[in-house]
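Listed below are the residues making up each chain.
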Amino acid sequence: MWRTLFSDAGHRPSARSVLLPFLAAFIVLAVAYTAIFVGRLHTQQALDSVEVNAAETARVDLAVSSIESSIDTAASDARVAVTSRAVRSLAEEISERTLSSAASVFQAQVTNKPSIRQIRYIDEAGRERLAVRRTDDGVQRVPASRLQDRSKHYFFAETRNLRPGDTYVTRLDLEVDATGAIAEPRQPLMRVIAALGDSTGARAGNVVVDIDGFHLVEQARQVIGAEGYLLLDATGGYIVGPDEADSFGFMTAGPAFAERHPEAWQAISASESGHATTREGLYAFRTAYPDHAQVRLSGETHEAETHEHPNAIKVVSFVPAAALPSASITRDAATTAIFIFGLIALATVTGLATHTLISKRQFRRSIREAKTRLEAIRDTLGEGLVVIDPDGRITDVNPESERMLGWSREQMLGRVSHELFHSHPEHSVGQDDCGVLAVARTGVTFRSEDEVFQRADGSAIHVGVSAAPLVVDDRIDGAVIVFRDITEIREYQEEIRRLAFHDELTGLPNRRVLADRLELAISTADRRLTPLAVMFLDLDGFKEVNDDYGHAVGDEFLRQISDRLRGCLRNSDTLARQGGDEFIVLLPELREEGEAEVVARRIIDGLEQPFVVDGYQLRAAVSVGIAVRMDGESAETLIANADDAMYAAKQMGENLYCVSGRAPVGQA
């Protein structure tokens, strides 16, 4: 092989005359090749790290949303309970009649909310007067003999000054027995407490909603995954640890995360959300604030606060260092093989280049071969690559750019890149403000994960862009632009946001959207001096459909009912699913009070025709409660009044509606 490589037209140069220049050239080129190869690995590592960070951030964000949504749901239930007529009667009189009436409200809430383990009423002295609990035998009222004195419990002391209607959320901890010891088997709980007021507005005890901690933990675990999932309290103690024995270590005097991983905890505790990379691996985290439930339910926003939140929960996703993207040449067999192959190819090219000292013709041939190899490397890149001159005109592209953008190489060469594919109408950016073009002028590297390019067919493509200056002879001669398609990642993020604001089963707006629209409707009504109405709908006999035909039929039945209810409303009205078989309708900007009753009759008539679900003919009946806002009532009062009116209608039979403060009415 060497004889053929270093021979020309039968002339064989001496080994010494070729070997020394060859070795010198090979060492220099090998160092340069290694630097380029490692630099490419570092670039790929950076891109992969961005993807890993984005994925882990999305997971912890969704987990925090899941936890806060469950807490907000419980807080909403607690506030609904303390404003319901049945529960408010406990503030005036404790009797079997008032206890039974309030117990019915508690039982309905516990039954419809899998995340709720127990709802209790505790009087001002700290004594449990009523408790409804989920057990293996179903939802049951706790016998009076088993009610306990909670006056010495920390949450009773912390809510002594809670104003009627306000809520308070405790930390997520383990349930303790009457002696103060941790109850076995362990049961993690978080309590949402709402103060109850009497007719004079004075405190009359608390309604306590116990959230099943296992439900909160499992919701987050399903999003992040079993491995690498941590929940930490505000002091760095484990709520959920890597091993079951570590969980709730702050209550069992077990080891704390802050002690085991001080470097990571320093970064996690210093910020509301972000990433922390240590020798151990990548920690992605975000803070959940249970005690902001009341603020979130009110529709207000809050900035991240720097003072301590003792009830805050740090949701952490951990990726071990061994699983993170690596820039090592030996990170896997394929990379090592490519590097070794490159060295072999480099040795071959160097041998040919060295031989040009003897043969000018072979030197030129080796240059052409080297150029061919460089073009092959460019053309096989899995990302789009565009080279521009200082004026922003395209001087080179690779095939992946042609495939992604839809233009041929000939159509792109000589065109200004910004005018060609960086000017989508919905994301217009002027050339003077274009960060990509600025690289060719300033020499400052530009990176972005939020750019939009335009294809030849006019469609938009979301891309992640990395633009670096092209330096020739110590001067900036343009820029090299590398981009990749991140459309699927953006669509995944949009889907996460959609799920956060819509009911998964019916696609209807959820309570968070309803709360925002109700507050907006109230503001508009106050400004225009027009009435609005809230309707509370509850399907009659829906439980029997689930029992007789199964939940799959029941779910499809609910979807068909939702579609028919939409057809009974105006485009400006809002239909939201409250949960289970309950719906809430917002009727903004009514011309007169009676319009709400017209809609109620339309809904009852609209559900009269039977539904066909999976071959079964089913009928739907509904009880409707109406609360018309005429005197400046708040959103919570409207919903509570509509709820009370619905229960009044339900007690009188099926397919009835009731306006708050009036007797139920049937079909016209």
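Residues numbered from 1 in each chain as written. Predicted model: local features only at pLDDT ≥ 70, side-chain atom pairs only at ≥ 80, totals over all residues. Heavy atoms only, no water.

(A) Spatial organisation of the overall build of the protein chain. When helices and strands are counted, the protein chain shows 22 helices and 24 strands. Counting across all 668 residues of the protein chain, residues that qualify as buried make up 46%. A fraction of 59% describes how many contacts in the protein chain between residues 6 or more apart in sequence connect residues 24 or more apart. Carbon and sulfur atoms provide 52% of the accessible area of the protein chain, an area that totals close to 33,300 Å². (Helix = DSSP H or I, 4+ residues; strand = E, 2+ residues; numbered from the N terminus. Buried < 20%, exposed > 50% of the residue type's maximum accessible area, 1.4 Å probe, protein only. Contact = heavy atoms within 4.5 Å. Areas by Shrake-Rupley, 256 points an atom, 1.4 Å probe, with all protein chains shown as cover.)

(B) Representation of the sheet that holds strand β11 (residues 281–288) in the model. Strand order in the open sheet formed by five strands is β9-β8-β12-β11-β10, and the pairing between neighbours is antiparallel. Looking at the sheet topology across the chains shown, the edges are occupied by β9 (238–240) and β10 (273–277). For this sheet, the mean inter-axis angle between neighbouring strands, taken without regard to orientation, is 30°. Direction of pairing for strand β8 (residues 229–232) relative to β9: antiparallel, over a ladder of two bridges. Across the sheet, residue Leu232 finds its bridge partner in β9, namely Tyr238. Where helix α6 (residues 213–224) meets the sheet, its contacts fall on β8, β9 and β12 (313–320), and the angle it forms with β8 comes to roughly 140°. (Pairing = 2+ DSSP bridges. Axes fitted to C-alpha atoms, helices over the stretch in contact; angles between N-to-C directions.)

(C) Seen up close, helix α18 (residues 511–528). Taking 1.5 Å as the rise per residue, α18 with 18 residues should run 26 Å; its terminal C-alpha atoms sit 25 Å apart, in good agreement. Taken as a whole, α18 has its buried residues at Val513, Leu514, Leu518, Ala521, Ile522, Thr524 and Ala525. Angularly, the buried residues of α18 cover 165° about the axis, an arc narrow enough to put them on a single face. Turned more than 90 degrees off the buried face of α18, the exposed positions are Leu520 and Arg527. Where α18 starts, the residue carrying a side-chain oxygen 3.2 Å from the main-chain nitrogen of Arg512 turns out to be Asn510. (Expected span 1.5 Å × (residues − 1). Arc of directions from axis to C-beta. Polar contact = N/O pair within 3.5 Å; in protein donor to acceptor, adjacent residues only side chain to side chain.)

(D) Summary view of the side chain of Glu595. Mapped onto the secondary structure, Glu595 falls in helix α21 (residues 595–606). Judged by relative accessible area, Glu595 falls into the buried class, the value being 15%.

(E) Layout of the packing of aromatic side chains. Counted according to the given criterion, the structure contains nine aromatic pairs. Ring geometry for Tyr154 versus Phe155: centroids 6.3 Å apart, planes at 80°, classification edge-to-face. Judged by relative accessible area, Tyr154 falls into the partly exposed class, the value being 21%. Relative accessible area serves as the criterion here: at 2%, Phe155 is assigned to the buried category. Ring centres of Phe557 and Phe611 lie 5.4 Å apart, and the angle between their planes is 75°; this geometry places the pair in the edge-to-face category. (Phe/Tyr/Trp six-rings, centres within 6.5 Å; stacked < 30°, edge-to-face > 60°.)

(F) Summary view of the sheet that holds strand β24 (residues 657–659). In spatial order, the strands read β19-β20-β18-β23-β24; together these five strands make up an open sheet with mixed pairing. In the strand order of this sheet, the two ends are held by β19 (574–579) and β24, each with one partner. When the angles between neighbouring strand axes are averaged without regard to direction, this sheet yields 20°. Pairing of strand β23 (residues 621–629) with β24, which is carried by three bridges, proceeds in the parallel orientation. Opposite Val624, over in β24, you have Tyr657 as the bridge partner.

(G) Up close: empty space enclosed by the protein. Summed over the entire model, instances satisfying the criterion amount to two cavities of 30 Å³ or more. The space that makes up the largest cavity amounts to roughly 150 Å³. Lining the largest cavity are 13 residues, with Val80, Gln109, Glu582, Asp643 and Tyr647 positioned closest to its centre. Mapped by element, the contributors of at least two residues to the lining of the largest cavity are α2 (15–83), α4 (96–112) and α22 (635–651). For the lining of the largest cavity, the class distribution of residues is five nonpolar, four polar and four charged. Of the pockets and cavities examined, the second largest cavity occupies roughly 50 Å³. (1 Å grid on protein atoms, 1.4 Å probe; cavity = no way out; pocket = protein on both sides within 12 Å on 5 of 7 lines; lining within 4 Å. Points joined across faces, edges and corners; volume = space filled by probe spheres on them. Nonpolar A, V, L, I, M, F, W, Y, C, P; charged D, E, K, R; others polar.)

(H) Inspection of the side chain of Asp212 at higher detail. Position of Asp212 relative to the elements: it lies in strand β7 (residues 203–212). Although Asp212 is buried, it forms no salt bridge, and the closest oppositely charged side chain is Arg117 at an N-O distance of 5.2 Å. Every residue in contact with Asp212, bar those within four places of it in the chain, is listed here: Ser115, Arg117, Gln187 and Pro188. (Lys, Arg positive; Asp, Glu negative; His and termini not counted. Salt bridge = Lys/Arg side-chain N within 4 Å of Asp/Glu carboxyl O.)

(I) Layout of the pairing of strand β18 (residues 532–540). In terms of burial, β18 is largely enclosed, as nine of its nine residues are buried. Sheet topology note: the β18/strand β20 (residues 582–587) ladder contains six bridges and is antiparallel. Bridge pairing links Phe536 to Ile584 in β20.

(J) Region of interest: unusual backbone geometry. One non-glycine residue, Leu529, lies in positive phi territory at about 55°. With respect to the element layout, Leu529 can be found in the loop between α18 and β18. Residue classification places Leu529 among the exposed positions, given a relative accessible area of 76%. Non-glycine residue Asn655 carries a positive phi angle of around 55°.

(K) Spatial organisation of the environment of Pro242. With respect to the element layout, Pro242 can be found in the loop between β9 and α7 (249–252). Considering only alpha carbons, one finds Pro242 and Gly228, 14 residues apart in sequence, at a separation of 7.2 Å.

(L) View of α21. Helix length check: α21 (twelve residues) gives 16 Å between terminal C-alpha atoms against 16 Å at 1.5 Å per residue, within 8%. Among all positions in α21, only Glu595, Ala596, Glu597, Val599, Ala600, Ile603 and Ile604 are buried. For α21, the elements touching its buried residues are β18, α20 (551–567), β20, β23 and β24.

(M) How the structure looks around the pattern of salt bridges. All told, the structure shown has 34 salt bridges when counted by the stated rule. Glu128 is paired through a salt bridge with Arg150; the nearest N and O atoms lie 3.1 Å apart. One end of the pair, Glu128, is in strand β2 (residues 128–135); the other, Arg150, is in the loop between β3 (138–141) and α5 (154–158), with 22 residues separating them in the sequence. With relative accessibility at 6%, the residue Glu128 sits in the buried group. Among the ionic pairs, Arg409 bridges to Asp396, the shortest N-O distance being 2.7 Å. Of this pair, Arg409 sits in helix α14 (residues 409–412) while Asp396 sits in strand β14 (residues 394–397), and the two are 13 residues apart along the sequence. Accessibility expressed as a relative area gives 25% for Arg409, which makes it partly exposed. Here Asp396 falls in the buried class, since its relative accessible area comes to 17%.

(N) Representation of the confidence of the model for the protein chain. When pLDDT is averaged along the protein chain, the result is 83, and 88% of the positions lie at 70 or above. For the protein chain, per-element mean pLDDT is lowest for helix α1 (residues 2–5), which scores 39, and highest for β20, which scores 95. (pLDDT = per-residue confidence, 0-100.)

(O) Representation of the packing of α18 against α22. One can describe the packing of α18 onto α22 by two numbers: an axis separation of 10 Å at closest approach and a directional angle of 110°. By the angle between their directions, the pair α18 and α22 is classed as roughly perpendicular. Facing α18, whose interface residues are Leu518, Glu519 and Ile522, α22 presents Ala635, Leu638 and Ile639. Here the contact of α18 with α22 is built from residues that sort into five nonpolar, no polar and one charged. (Parallel < 35°, antiparallel > 145°, perpendicular 65-115°, else oblique.)

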